Amino acid sequence: MATFFWVLLFLLTFSGSLVCVRGLGVGINYGQIANNLPPPSRVANLLKSVNISRVKLYDADPNVLSAFANSDVEFVIGLGNEYLQKMTDPVQAQSWIQQRVQPYISRTKITCITVGNEVLTGNDTQLKSHLIPAMQTVYGALSNIGLSKEIFVTTAHSFGILSNSYPPSAGAFRQDLAEYIQSILNFHAQTDSPFLINAYPFFAYKDDPEQISLSYALFQPNSGMIDPLTNLHYDNMLYAQIDSVYSAIKALGHTDVQVKVSETGWPSKGDQNEVGATPENARLYNGNLLRRIDQSQGTPGKPSVPVDIYFFALFNEDLKPGPLSERNYGLYYPDGTPVYNIGLQGFRPRMDYSSSERNVISFFICFVLSMAFSLCAL
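Model, not experiment: these values are computed from the prediction. (Residues numbered from 1 in each chain as written. Predicted model: local features only at pLDDT ≥ 70, side-chain atom pairs only at ≥ 80, totals over all residues. Heavy atoms only, no water.)

Of regular secondary structure, the protein chain possesses 13 helices and 12 strands. The burial tally for the protein chain puts 47% of its 378 residues in the buried class. Look at the contacts in the protein chain between residues 6 or more apart in sequence, and 69% of them connect residues 24 or more apart. About 17700 Å² of surface is accessible on the protein chain, with carbon and sulfur atoms providing 53% of the total. (Helix = DSSP H or I, 4+ residues; strand = E, 2+ residues; numbered from the N terminus. Buried < 20%, exposed > 50% of the residue type's maximum accessible area, 1.4 Å probe, protein only. Contact = heavy atoms within 4.5 Å. Areas by Shrake-Rupley, 256 points an atom, 1.4 Å probe, with all protein chains shown as cover.)

The strand order β1-β2-β3-β4-β5-β8-β11-β12 describes a closed barrel built from 8 strands, whose pairing is parallel. Averaged over all pairs of adjacent strands, the angle between their axes in this sheet comes to 25°, without regard to strand direction. The pairing of strand β1 (residues 27-29) with strand β2 (residues 54-56) spans 3 bridges and is parallel. Following the sheet pairing, Ile28 is matched in β2 by Val55. Sitting on the sheet, helix α11 (residues 237-251) is in contact with β8 (195-198), β11 (259-264) and β12 (309-311), with an inclination near 135° to β11. Helix α12 (residues 279-294) contacts β11 and β12 of the sheet and is inclined by roughly 150° relative to β12. (Pairing = 2+ DSSP bridges. Axes fitted to C-alpha atoms, helices over the stretch in contact; angles between N-to-C directions.)

Its location among the elements puts Thr137 in helix α7 (residues 125-144). Excluding residues that lie within four positions of it along the chain, Thr137 makes contacts with Met87, Thr88, Asp89, Pro90 and Ala93.

With 5 of 6 residues buried, β11 is to be regarded as a mostly interior element. Direction of pairing for β8 relative to β11: parallel, over a ladder of 4 bridges. Residue pairing for β11: Phe195 is matched across the bridge by Val259. Bridge analysis of β11 against β12 gives 2 bridges, and the strand direction is parallel. Each bridged residue has a counterpart across the sheet, and for Val261 the counterpart in β12 is Ile309. For the crossover that starts at β11, traverses α12 and ends in the parallel β12, the hand is right-handed. (Right-handed = clockwise from strand over helix to strand, strands pointing away.)

Encoded structure:
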């Protein structure tokens, strides 16, 4: 017992600055609409310190891709909506791939390109018409240099593309978008690429807090709901949303396309009318979801397919337009400290341990933790 006391004292002394976190297949969105973010090299150290192995960018920032060279981080890179018309031209698509992908692919793991973001829920009809041709042309450009099997091509959708999501088995896409989505699903089936959805239970709760259970939205204990058509039980809104997308896809004749969540999160601060935007709710949502990912858990409708998530977002971004919540989705402040603790502690910029020192200290912490748990079991 005395030994355990000293082990516990040691852990309490150092746990505020160093945490040994088991590696997780966690994805995160790395937005940069801010004027106070750390340089990409510091971001690379942060993600390494918390074992985040997958990053989604909204562009193909060469500074970021260079900073992560020779790391184990896998990247989703983005082609902004402003590029869509140009990307319908095979010559311009090939040029973009040669300039933004080829120089980095040998040292930085690029696994996916998103062509546009939430295009179908916008008001630009011409942009919508460019989407699938741009995806096809970018895929062709990758094929020309032998990278179409290594790098997927897809696009990310707002959850607003659905006309119905309740119950999950009755999920359906908006009728005015069905033609576009049918072509996109055919493309995904042909290229074995994923269907990406941005899903935020926060929006649903904010818009109707009287009818929607906060516990259901936050993965907290609750009675949940039973889909009357399938008899499947849902204890959280996000998994119900994912299954509603699968149902909508099936209604268009596809069972061969995987759904991945390209964005989800909860803001830690919001305007007065943004009900539920608090640090505690953000901690609960992201922390509870992180634990589910750690368990490789599937949805009730797809129990054998682990949910694939990219959290939104890495940092609070102070220049984002819109309501206050838009600037407060980050897991971290720009100085690298957590906005709230979900088990991924990260760095503090004033730390300046050498690589060898960090490795020794991390090994020692992990060793002490294992000893502590062994003693607890006695």
